[in-house]
Structures are given as C-alpha cells and as structure tokens.
Amino acid sequence: MGRGVLLRYRDFLPLTAATPMITLGEGDTPLVRSVWLERELGCGALYFKLEGCNPTGSFKDRGMVVAVAKAVEERSKSIICASTGNTSASAAAFGARFGLEVIVVVPSGKIAMGKLAQAITYGARIVAIQGNFDQALQIVRNLAEKHPVTLVNSVNPYRLEGQKTAAFEIVDELGDAPDYLFIPVGNAGNITAYWKGFVEYRWAGKASQTPKMMGFQAAGAAPIVRGKVVEKPRTVATAIRIGKPASWQGAVKARDESGGVIDCVSDEEIIAAYKLLARREGVFGEPASAASVAGLIKMAKQGLDLRGKRAVCIITGSGLKDPSFSKKFAESLTEVSPELEAVERVLGWR
Ligand SMILES: *Cc1c(COP(=O)(O)O)cnc(C)c1O
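Reference entry: report on the structure contained in this document. (Residues numbered from 1 in each chain as written. Predicted model: local features only at pLDDT ≥ 70, side-chain atom pairs only at ≥ 80, totals over all residues. Heavy atoms only, no water.)

## Things to note about the packing of helix α8 (residues 165-174) against helix α9 (residues 189-203)
So, point 1. Taken N-terminus to C-terminus, the directions of α8 and α9 make an angle of 50°; their axes are 7 Å apart at the nearest point. Considering their axes alone, α8 and α9 lie oblique with respect to each other. Crossing angle aside, the handedness with which α8 passes α9 is right-handed. Mapping the contact onto sequence places A166, A167, F168, I170, V171 and D172 in α8 and Y194, G197, F198, E200 and Y201 in α9.
So, point 2. Partitioning the contact of α8 with α9 into residue classes produces 8 nonpolar, 1 polar and 2 charged. (Axes fitted to C-alpha atoms, helices over the stretch in contact; angles between N-to-C directions. Helix = DSSP H or I, 4+ residues; strand = E, 2+ residues; numbered from the N terminus. Parallel < 35°, antiparallel > 145°, perpendicular 65-115°, else oblique. Left-handed = near helix turned anticlockwise from the far one by under 90°. Contact = heavy atoms within 4.5 Å. Nonpolar A, V, L, I, M, F, W, Y, C, P; charged D, E, K, R; others polar.)

## Topic: helix α3 (residues 60-73)
So, point 1. Helix length check: α3 (14 residues) gives 20 Å between terminal C-alpha atoms against 20 Å at 1.5 Å per residue, within 8%.
So, point 2. The element α3 is largely enclosed, with a buried count of 12 among its 14 residues.
So, point 3. Of all the residues in α3, the buried ones are K60, D61, R62, G63, M64, V65, V66, A67, V68, A69, K70 and A71.
So, point 4. Count one or two residues on from α3 and you reach R75, which has phi positive near 60°. (Expected span 1.5 Å × (residues − 1). Buried < 20%, exposed > 50% of the residue type's maximum accessible area, 1.4 Å probe, protein only.)

## With respect to the pattern of salt bridges
So, point 1. Under the counting rule described, the total for this entry stands at 19 salt bridges.
So, point 2. D28 is the salt-bridge partner of R8, the closest N and O atoms lying 3.4 Å from each other. In this pair, R8 sits in helix α1 (residues 5-8) while D28 sits in the loop between α1 and β1 (31-33), placing the two residues 20 residues apart along the sequence.
So, point 3. Across the pair E73 and K70 runs a salt bridge whose closest N-O atoms are separated by 3.1 Å. With E73 and K70 both in helix α3, this residue pair falls 3 residues apart, about one helical turn.
So, point 4. One salt-bridge network, held together by shared partners, links R8, D28, K49, E51, R62, E169 and D172. (Salt bridge = Lys/Arg side-chain N within 4 Å of Asp/Glu carboxyl O.)

## Here we look at the sheet that holds strand β4 (residues 101-107)
So, point 1. Taken together, the 4 strands give an open sheet; going across it, the order is β5-β4-β3-β6, and neighbouring strands pair in parallel fashion. With one partner strand each, in any of the chains shown, β5 (125-129) and β6 (150-151) form the two edges of the open sheet.
So, point 2. Summarising the sheet, strand β3 (residues 78-82) and β6 pair through 2 bridges and their orientation is parallel. From the neighbouring strand, I80 faces β6, where its bridge partner is L151. (Pairing = 2+ DSSP bridges.)

## Structural notes on the side chain of T238
So, point 1. Its location among the elements puts T238 in the loop between α10 (223-226) and α11 (248-258).
So, point 2. Not counting chain neighbours up to four residues away, the residues in contact with T238 comprise T84, K110, K115 and D322.

## So, the site of the ligand
So, point 1. The environment of the ligand is formed by 15 residues, the closest being K60, N86, N187, N190 and T316.
So, point 2. At 2.7 Å from an oxygen atom of the ligand is found a side-chain nitrogen or oxygen belonging to N86.
So, point 3. Contact between the ligand and A188: an oxygen atom at 2.8 Å from a main-chain N or O atom of the residue.
So, point 4. Its residues assigned to classes, the shell around the ligand comprises 6 nonpolar, 7 polar and 2 charged. (Near = heavy atom within 4 Å. Polar contact = N/O pair within 3.5 Å; in protein donor to acceptor, adjacent residues only side chain to side chain.)

## Quick look at a nonpolar patch on the surface
So, point 1. Together, V336, V343, V346, L347 and W349 line one region of the surface with nonpolar side chains, adding up to about 490 Å² of accessible area.
So, point 2. Looking at the element boundaries, W349 is found in the segment after α15 (340-347).
So, point 3. A relative accessible area of 65% means that W349 is categorised as exposed. (Patch = residues over 30% accessible without salt bridge, like charges linked within 9 Å, V, L, I, M, F, W, Y side chains within 5 Å. Areas by Shrake-Rupley, 256 points an atom, 1.4 Å probe, with all protein chains shown as cover.)

Following this line, the structure appears as structure tokens:
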C-alpha cells in the first residue's frame, strides 16, 4: 500500500539500477463491486476500478510516474505535453515534486475547470492554443524534436508501461483476468496499455485468460469506429474529445487479438451513465469515465449475455475534475429562511 507502481511492479517495468524509485502514491486503486447495475444487467460479477483515486485524480499518474522517473534518469530538465486536462495535471504534479520544469499545451476553453486548476496550482507553464487536442499534440511533438525537452504524452512508451499496471492490479485482486474489460477510448493509449498488461500477465502465468477488450469512444469523436480521422471532434466528455488517436493501431490490435469491440456511445448515453453511476452506485466519475459504463449498458441492451461472466468497468477519472458539468443537472436550489419550519416545508414534511 502506498508503495507506488515502480516498486510494486518493478519486475514488469523497464527500470535500471539508475532509475529513481519515485512515487506520489499512485496505483493500488479500489476495485469495488457493483450493488445495482450488476443485478440490473444479469451480470455474473461487475466491478468498477476507481482510477479517480490516484493522487491527481486520474489514471494518468500510473504512466506519468514511469515517464518522469525515466526523464530524471536521463537527466532531462523539463517535460512537455499536450493535454485535454488530466495528462497536464499529472505531469504538473510529478514535475513539481521531482524538480522538472513542466510545459503544457491545451486546447483553449475545452479543458475542465478542476484540471486547469491543478496545472495552475502545481505551477506548470500553460499555453492555450485556439485549436483542438490533436493540433496541440502535433505542436508538442515538433517542439520536443527541436528543443531539449522530454515529451510525456502517451507516445512516450514509458507512459503505457506504467499504465499497464492497472491490468496487473485487477488480476492480482480477482485471482484471474475478468471476461470483459470496458474502457473509454480517447487517444487510445490506455486500452493499448491494459491489453499489454493482460497479455504479459498471462505469459507470466499470473492469469489463465485475457479479457475481451470493450472500448468506447464518444459518438462525436469516434475515428476508430468510423475508420477515419474526425477533424472536429465533439462531445461533452472532454477527456476523450480526440479525432486522431496516437495509439489507433494499438487499440485495433487490442480489439482484434482479444475478440472485443470498439464502439461508440452518444452524449445522452454518457450523461445517463454518469448519473446512474453516481446515484445508484455512489461512484462519481468524470463524463469520459462514464463512457465505459454507457458502453456496457449498450452492449447488454444489444443482447450481450453477461450471465456467469466477470466484467470490469474502468472509471478513469474523478467527477470532481469537472464540477461545472454537474451543475447543469442541479434542480433549482431553493433558499429559505434559517428556521426549522421553513426547511420542513421545502422537504414536504410539514
Ligand atoms: C486520458 C483519459 C481518457 C482516455 O484515455 P486514452 O488513453 O486517451 O484513450 C479517458 N478518461 C479520462 C478521465 C482520461 O483522463
């Protein structure tokens, strides 16, 4: 507990004697069993992996700790990333803690308040471009070629190495790999990393099977589903608002080798799953995270038979990242005078 992913999974990570064993307490996140949806869908056993419990509130910390450890090992002085928000929050935190300058390039106006607050407070240098994530990624790739700065987007292979540890944790906890893994897909690094993790663990004899990988994009940002780049991706789920995924091939490989699917869910389905998760399960994920649950519900409706099956939904980030999104669903807040009777009256108890 609290050892961090480098120490816990060092035998499966590309570490050397010179790699600093840094941590911010990432990994070891809860795998909680469903109390409502499992029964509703007739699933054998359904779990939610709460990646929002990582130190900066998303799974990005798992990959960032490895990328930053390697950057420090290689004596880099600064790191850079493009981000829809969570990568920048994570880079800013690890960079601050381990003495690196952090530069983040974000799409202007398209990043959730909580994530921006993190980058600001951790002291990153922030550049907002009047464009989208895909353009930001192209720019930081070019910058990293021209200047002495380490790129820590998921095109940095150390990121995926760290992120695969979430698959290890699931197997360690369940005693084997689940039958299905439901996961949101944006830049497609995470689905690629999970698949790598499950395959490596089966090879190591730690699991007898690998799960079917069920990836879900947002309907307005679904390049892999449509088979072509989406120039103007649109969705309420900003973390997966990506039209040209860097790990496109990795996602296709995960789908095909596992016998899974990559499909999409509408913003309406994402919002319904977002509310259901919070109101029926007590799990507050950010909108992008709800895409995994929306995907599970969609598949079940289409007839996927989950009887006797074990399924895991990845809840990739905390709902607190995007408070203004919740506010849209607030029924008008009634204000009353500070008296017992007045409060009883609004509650209909009088
Ligand atoms: C980054 C992120 C995703 C998408 O992961 P990819 O690796 O880009 O596919 C989904 N949800 C949250 C909360 C994220 O931060």
